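If you want the building blocks of each chain, they are given just below.
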Amino acid sequence: MDNRRKIGSNYEKKAAEYLERQGFLIVAQNFFSRWGEIDIVSRDGRYLVFVEVKYRRNDSCGSPLEAVNTKKQRRICRAASYFCMRNGYGSDMPCRFDVIAVHGNEEIVHIKNAYDYIL
């Protein structure tokens, strides 16, 4: 498990670097709460963006995008609400939920507004 976490952290770092090259400002990484974890919190213009990063060596276990199912989305949304409350972002702050999929060959696929906020 330790090795999987190390691999995941490596690809989260690569995703953060990718976002910075795209003009995003990284606000936080690996935000943990009792409601869930958020890999990257960033700003893209006026949006506060919550980013889930998924890596798959190959598609034998499914695509990385498929791993961000409704249950995972719900946990991220709850953690995002807590992040906003804890850090003083008001309810008028526009938020977005993105997914970055990294495939074995390190191809990065960035899906903006991948899903809506769900409870």
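Being a predicted model, the structure only gives us computed values, none of them experimental.

Visitor: Hey, could you run me through the overall build of the protein chain in this one?
Guide: Across its full length, the protein chain carries two helices and five strands. Counting across all 119 residues of the protein chain, residues that qualify as buried make up 40%. Relative to all contacts within the protein chain whose residues are 6 or more apart in sequence, the contacts with residues 24 or more apart total 56%. Approximately 7100 Å² of the protein chain is accessible, and the part contributed by carbon and sulfur atoms is 45%.

Visitor: Can you help me understand the pattern of salt bridges in this one?
Guide: Opposite charge on two side chains lets them pair, provided their charged atoms get close. Enumeration over the complete set of coordinates arrives at four salt bridges. In this structure, arginine 96 engages aspartate 44 in a salt bridge whose closest nitrogen and oxygen atoms are separated by 3.1 Å. One end of the pair, arginine 96, is in strand β4 (residues 95–103); the other, aspartate 44, is in strand β2 (residues 36–44), and 52 residues separate them in sequence. Of the two residues examined, arginine 96 and aspartate 44, each falls in the buried class. Linking lysine 72 and glutamate 52 is a salt bridge whose minimum nitrogen-to-oxygen distance equals 3.6 Å. Linking lysine 72 in helix α2 (residues 70–86) with glutamate 52 in strand β3 (residues 47–56), this pair joins segments that are 20 residues apart in sequence. Take lysine 72 and glutamate 52: they sit in the same class, and that class is buried. A single salt-bridge network, built from bridges that share partners, covers Asp44, Arg96 and Asp98.

Visitor: Sorry if this is basic, but what is going on with unusual backbone geometry here?
Guide: Comment: phi is negative for the bulk of residues other than glycine, and the bulk of peptide bonds are trans. Backbone geometry at asparagine 30 places phi at a positive 50 degrees, although glycine is not the residue there. One can find asparagine 30 in strand β1 (residues 25–33). In this structure asparagine 30 comes out as partly exposed when scored by relative accessible area, which is 26%.

Visitor: What exactly am I supposed to notice about the packing of aromatic side chains here?
Guide: Within a pair of aromatic rings, the relevant descriptors are the distance that separates the centres and the angle that separates the planes. Evaluated as defined, the whole model comprises nine aromatic pairs. Look at phenylalanine 31 and phenylalanine 83: their rings are 4.9 Å apart centre to centre, the planes differ by 90 degrees, and that puts the pair in the edge-to-face class. Of this pair, phenylalanine 31 sits in strand β1 while phenylalanine 83 sits in helix α2; the two residues are 52 residues apart in sequence, bridging distant segments of the chain. Using a relative accessible area of 8% as the deciding quantity, one classes phenylalanine 31 as buried.

Visitor: Is there a simple way to think about the layout of surface pockets in this case?
Guide: Empty space left among the atoms is revealed by rolling a probe the size of a water molecule over them. As a volume, the second largest pocket reaches approximately 160 Å³. Taken together, Phe50, Ala80, Ser81, Cys84, Tyr89, Gly90, Ser91, Met93, Cys95, Phe97 and Tyr117 form the lining of the second largest pocket. Taken together, the elements giving at least two residues each to the lining of the second largest pocket come down to α2 and β4. If you tally residues by element for the lining of the second largest pocket, the top one is α2, at three residues.

Criteria and cut-off values
Residues numbered from 1 in each chain as written. Predicted model: local features only at pLDDT ≥ 70, side-chain atom pairs only at ≥ 80, totals over all residues. Heavy atoms only, no water. Helix = DSSP H or I, 4+ residues; strand = E, 2+ residues; numbered from the N terminus. Buried < 20%, exposed > 50% of the residue type's maximum accessible area, 1.4 Å probe, protein only. Contact = heavy atoms within 4.5 Å. Areas by Shrake-Rupley, 256 points an atom, 1.4 Å probe, with all protein chains shown as cover. Salt bridge = Lys/Arg side-chain N within 4 Å of Asp/Glu carboxyl O. Phe/Tyr/Trp six-rings, centres within 6.5 Å; stacked < 30°, edge-to-face > 60°. 1 Å grid on protein atoms, 1.4 Å probe; cavity = no way out; pocket = protein on both sides within 12 Å on 5 of 7 lines; lining within 4 Å. Points joined across faces, edges and corners; volume = space filled by probe spheres on them.

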